[in-house]
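Examination of the molecular architecture
Here is how the chains run, residue by residue.
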Amino acid sequence: VQLVESGGGTVQAGGSLRLSCAASGFTFSSYAMKWYRQAPGKERELVATINGGGGSTNYADSVKGRFTISRDNAKNTVYLQMNSLKPEDTAVYYCNVVVRLSPRLQYWGQGTQVTVSS
């Protein structure tokens, strides 16, 4: 399994970025995908989840209404569209897939840095 994120960068507050996570090594459309983030000195936080078919999504309260998770199963790619970015969104963003619940087996990408300047 391989997850490769891209699309991070530095943007001013109020700006937008779109993150991508290209997946391989598993049947992509069969699994929910998640985006997490980790800011310096803080625990990793779940940001958004999308089910395998793409019809069901969930968001952390802190990003609801600003971020949109989506997926293209033909391209084995999950996206995170981030609008109205705030300095507190600054973090390393990771995509994640859980391929087995018990015992838990999950995979992480290498992460992509998002920096929002005020």
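Quick summary incoming for the structure in this document.

The rules behind each value
- Sequence order as written defines residue numbering, which begins from 1 separately in each chain.
- At least 70 in pLDDT is required for a residue's local features to be given in this predicted model, at least 80 for side-chain atom pairs to be given and counted, and no such filter applies to totals for whole chains, interfaces and linings, which use all residues.
- Derived side-chain values reflect all non-hydrogen atoms in the structure, with water molecules and hydrogen atoms excluded from consideration.
- Between any two strands, at least two bridges found by DSSP are needed for them to pair.
- Each helix is a run of DSSP H or I of at least 4 residues and each strand a run of E of at least 2, with the numbering of both proceeding from the N terminus.
- Each axis is a line fitted through C-alpha atoms, and for a helix only the stretch in contact is used; angles between axes span 0 to 180 degrees, taken between their N-to-C directions.
- Only protein chains enter the calculation, and the probe is 1.4 Å; a residue is then buried if its accessible area is under 20% of its type maximum, exposed if over 50%, and partly exposed in between.
- When a carboxyl oxygen of Asp or Glu lies within 4 Å of a side-chain nitrogen of Lys or Arg, that pair is called a salt bridge.
- In this description, the term disulfide denotes a pair of cysteine sulfurs within 2.5 Å.
- Only heavy atoms enter the contact rule, under which two residues are in contact if any of them lie within 4.5 Å.

Some remarks on the sheet that holds strand E8 (residues 77-82)
Across the sheet, four strands lie side by side as E1-E3-E8-E7; this open sheet has antiparallel pairing. Every interior strand has two partners, whereas the edge strands, strand E1 (2-6) and strand E7 (67-72), have only one. For this sheet, the mean angle separating the axes of adjacent strands, direction not counted, is 15°. In terms of strand pairing, strand E3 (residues 17-24) meets E8 through six bridges, oriented antiparallel. When the bridges of E8 are listed, Ala-22 appears paired with Thr-77.

Points about the pairing of E8
Remark: a regular strand shows side chains that alternate across the two faces of the sheet. In terms of burial, E8 is a largely internal element, five of the six residues being buried. The pairing of E7 with E8 spans six bridges and is classified as antiparallel. Directly across from Asp-72, in E8, lies its bridge partner Thr-77. The antiparallel hairpin formed by E7 and E8 contains four residues in its connecting segment, where Asn-76 sits at a positive phi of about 50°.

Some thoughts on unusual backbone geometry
The linkage connecting Ser-102 with the following residue, Pro-103, adopts the cis geometry, with an omega of -15°. Residue placement: Pro-103 occurs in the loop between strand E9 (91-100) and strand E10 (105-108). For Asn-76, which is not glycine, the phi torsion reads 50° and is therefore positive. Relative to the helices and strands, Asn-76 is located in the loop between E7 and E8. Even without being glycine, Ser-84 reaches a positive phi, approximately 50°. Note on placement: Ser-84 falls in the loop between E8 and E9. Classification of Ser-84 as partly exposed rests on a relative accessible area of 40%.

Observations concerning the pattern of salt bridges
For the coordinates displayed, the defined rule picks out four salt bridges. Asp-61 is the salt-bridge partner of Lys-64, the closest N and O atoms lying 3.1 Å from each other. Here Asp-61 falls in the exposed class, since its relative accessible area comes to 66%.

Let's talk about the state of the cysteines
The final tally for this structure, using the stated rule, is one disulfide. Across the disulfide from Cys-21 sits Cys-95; the S-S distance is 2.0 Å. Here the S-S torsion is close to 50°, and the disulfide linking Cys-21 with Cys-95 is therefore right-handed. Of the two residues, Cys-21 is situated in strand E3 and Cys-95 in strand E9; the sequence distance between them amounts to 74 residues. Given a relative accessible area of 0%, Cys-21 falls into the buried group. Cys-95 gets classed as buried once you look at its relative accessible area, which sits at 0%.

Points about the environment of Tyr-107
Position of Tyr-107 among the secondary structure elements: in strand E10. With a relative accessible area of 28%, Tyr-107 lands in the partly exposed category. C-alpha separation for the pair Tyr-107 and Leu-3, spaced 104 residues apart in sequence, amounts to 7.6 Å. With residues up to four places along the chain from it excluded, the contact list for Tyr-107 reads Val-1, Leu-3, Cys-95, Asn-96, Val-97 and Val-99.

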